[in-house]
Amino acid sequence: MAELQKIKNEVEELKKEYFCRSRQAEENRQRENQAATRIQSWVRACKVHAYLSHLHKKAIIIQKIWRGFTARARFRQMVKAAYFIMKMNFYEEMAVRIQRRWRGFFVRKYVHNFYARKSYLKGLSRKNELVRMELDELQELQKRERDCLERVKEQTAKVYQAHRLHHLLSTEQCPGVFNSPFRPAPHEMELLLRQVKYQAPTRLSRGVRACPAGMPAPTAPSFHGTLPPPWIETTGTYCSSRPILPPIAIKKQQVLFREPGEVWEQRVHCPDLTLRLRTSYTHLEEAQNQLRQRDSKGIPTGTLGTGSMLHHLSQSRNSSTQPANSKSFR
């Protein structure tokens, strides 16, 4: 019994040991399986990474080669286009030069003869010099004539003034204004007064009065021993020599028209600003009261309607404003 009990205990211990060792073996197997799976995954990842890096490198090489090819092709196209444009510009410039030379030759030979034009310009320059010389001579001659005319005008004006101031001539008893005793020699006007003779001038016309002071008019009376003014023949800008016309006869106006003064007074007459205030402010109420009184006296209402009332109001207003209006129109 003791041995049997001992065997049973050993069997129980053996079972427990078997279970412990089997559980430990299972745990070791699972641990080894996980380690193997991790190693396999790492190895596969390394292989995939290596393959992807290889593919990436090959793709970069392919892209580099393709991009270089396309860039070289584009550059060749750009070079061809630039060369074509440069060549066309050169050809165009050469064509412009040829056209310019040909057109210049054609114009010089057939349109405008260069030598004929050169000779014409030389002759024109000589003619211009001659014309300038003649114009200078003419200008000098006109200047001398103007100076001479001015001197003649001054002398004539002095003679005319001497005729007008002949009463200022000095006498033996009384020296004149221009012969002052304090002067060493008599004045120029005094000598001129001694040379001219006194002659009373006639009455001047309107055209003569319009001339400037001190200058004789073309129609002024000529004194004895004096020449006519020289500017009458040359210029006529000093005085007007037109004949004086008689006044225009004014015809009498017809009876149909009113006097101009009356028309002008009517035109500029200030209107009366109180025309609208001739009637009282209670004019409408007074008319209504009159209508009521007529109705109360027995006048039928049908005979005096709205139209008759408006007519009455208009007549009363016209009668009140008629005197003022007639005064303004007069």
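The shown structure was predicted, so the numbers you read here are calculated from the model rather than taken from an experiment. (Residues numbered from 1 in each chain as written. Predicted model: local features only at pLDDT ≥ 70, side-chain atom pairs only at ≥ 80, totals over all residues. Heavy atoms only, no water.)

### Some details on the overall build of the protein
Then step 1. What the protein contains, in helices and strands, is eight helices and zero strands.
Then step 2. In sequence order, the secondary structure elements of the protein are arranged as α-α-α-α-α-α-α-α.
Then step 3. Counting over 330 residues, the protein shows a buried share of 10%.
Then step 4. Look at the contacts in the protein between residues 6 or more apart in sequence, and 57% of them connect residues 24 or more apart. (Helix = DSSP H or I, 4+ residues; strand = E, 2+ residues; numbered from the N terminus. Buried < 20%, exposed > 50% of the residue type's maximum accessible area, 1.4 Å probe, protein only. Contact = heavy atoms within 4.5 Å.)

### Let's talk about helix α2 (residues 114–164)
Every α-helix carries 3.6 residues per turn, so stepping three or four residues along brings you back to the same face.
Then step 1. Across its 51 residues, α2 extends 72 Å between first and last C-alpha, which sits within 8% of the 75 Å expected from 1.5 Å per residue.
Then step 2. Of the residues making up α2, those classed as buried are Leu149, Lys153, Thr156, Ala157, Val159, Tyr160, Ala162 and His163. (Expected span 1.5 Å × (residues − 1).)

### Digging into the nonpolar core
Then step 1. Val159, Ala162, Phe178, Met189, Leu192, Leu193 and Val196 form the largest nonpolar core, which has seven residues in total.
Then step 2. Mapped by element, the contributors of at least two residues to this core are α2 and α3 (188–195).
Then step 3. Here this core takes three residues from α3, the largest share from any one element.
Then step 4. For Phe178, the contacting residues outside a window of four places in its chain are Leu165, Leu168, Arg183, Pro186, His187, Met189, Glu190 and Leu193. (Core = buried A, V, L, I, M, F, W, Y, C linked by side-chain atoms within 4.5 Å.)

### Observations concerning the packing of aromatic side chains
Then step 1. Evaluated as defined, the whole model comprises six aromatic pairs.
Then step 2. The interplanar angle of 35° and the centroid separation of 5.7 Å between the aromatic rings of Trp66 and Phe69 together place this pair among those described as tilted. On the criterion of helical spacing, the pair formed by Trp66 and Phe69 is a turn pair, its members being three residues apart in helix α1 (residues 2–111).
Then step 3. Here Trp66 falls in the exposed class, since its relative accessible area comes to 54%.
Then step 4. Ring centres of Trp102 and Phe106 lie 6.1 Å apart, and the angle between their planes is 35°; this geometry places the pair in the tilted category. In this pair, Trp102 and Phe106 are both assigned in helix α1, four residues apart and thus about one turn of the helix distant.
Then step 5. Take Trp102: its relative accessible area is 51%, and that puts it in the exposed class. (Phe/Tyr/Trp six-rings, centres within 6.5 Å; stacked < 30°, edge-to-face > 60°.)

### Some remarks on the confidence of the model for the protein
Then step 1. Confidence in the prediction for the protein averages 75 pLDDT; 67% of positions are at 70 or higher.
Then step 2. When pLDDT is averaged over each element of the protein, α1 comes out on top at 92 and helix α5 (residues 231–234) at the bottom at 40.
Then step 3. The low-confidence segment residues 207–241, where pLDDT is below 50, has 45 contacts with residues more than four positions distant or belonging to other chains.
Then step 4. Every residue in residues 273–277 scores below 50 in pLDDT, and together they form three contacts with partners more than four places removed in sequence or on other chains. (pLDDT = per-residue confidence, 0-100.)

### Overview of a nonpolar patch on the surface
Then step 1. The grouping of Trp102, Phe105, Phe106, Val107, Tyr110 and Val111 at the surface amounts to a nonpolar patch, some 610 Å² of accessible area in total.
Then step 2. With respect to the element layout, Phe105 can be found in helix α1. (Patch = residues over 30% accessible without salt bridge, like charges linked within 9 Å, V, L, I, M, F, W, Y side chains within 5 Å. Areas by Shrake-Rupley, 256 points an atom, 1.4 Å probe, with all protein chains shown as cover. Salt bridge = Lys/Arg side-chain N within 4 Å of Asp/Glu carboxyl O.)

### Comments concerning the pattern of salt bridges
Then step 1. Under the counting rule described, the total for this entry stands at five salt bridges.
Then step 2. A salt bridge links Arg97 to Glu93, with the shortest nitrogen-to-oxygen separation between them at 3.2 Å. Placement of the pair is Arg97 and Glu93 together in helix α1, with a separation of four residues, close to one helical turn.
Then step 3. You can call Glu93 partly exposed: its relative accessible area is 39%.
Then step 4. Here Arg194 ties to Glu190 by a salt bridge, and the two come within 3.4 Å at their closest N and O atoms. Within this pair, Arg194 and its partner Glu190 are both found in helix α3, separated by four residues, close to a single helical turn.
Then step 5. The exposure class of Glu190 is buried, given its relative accessible area of 0%.

### Some words on the environment of Gln195
Then step 1. Residue position: Gln195 is located in helix α3.
Then step 2. Owing to a relative accessible area of 62%, Gln195 belongs among the exposed residues under this scheme.
Then step 3. For the pair Gln195 and Val159, spaced 36 residues apart in sequence, the C-alpha to C-alpha distance is 9.5 Å.

### A few points about α3
Then step 1. The set of residues buried in α3 consists of Met189, Glu190, Leu192 and Leu193. Projected down its long axis, α3 shows its buried positions confined to an angular sector of 165°, all on one face. Away from the buried face of α3 by more than 90 degrees, exposed residues Glu188 and Gln195 are located.
Then step 2. The elements touched by buried residues of α3 are α2. (Arc of directions from axis to C-beta.)

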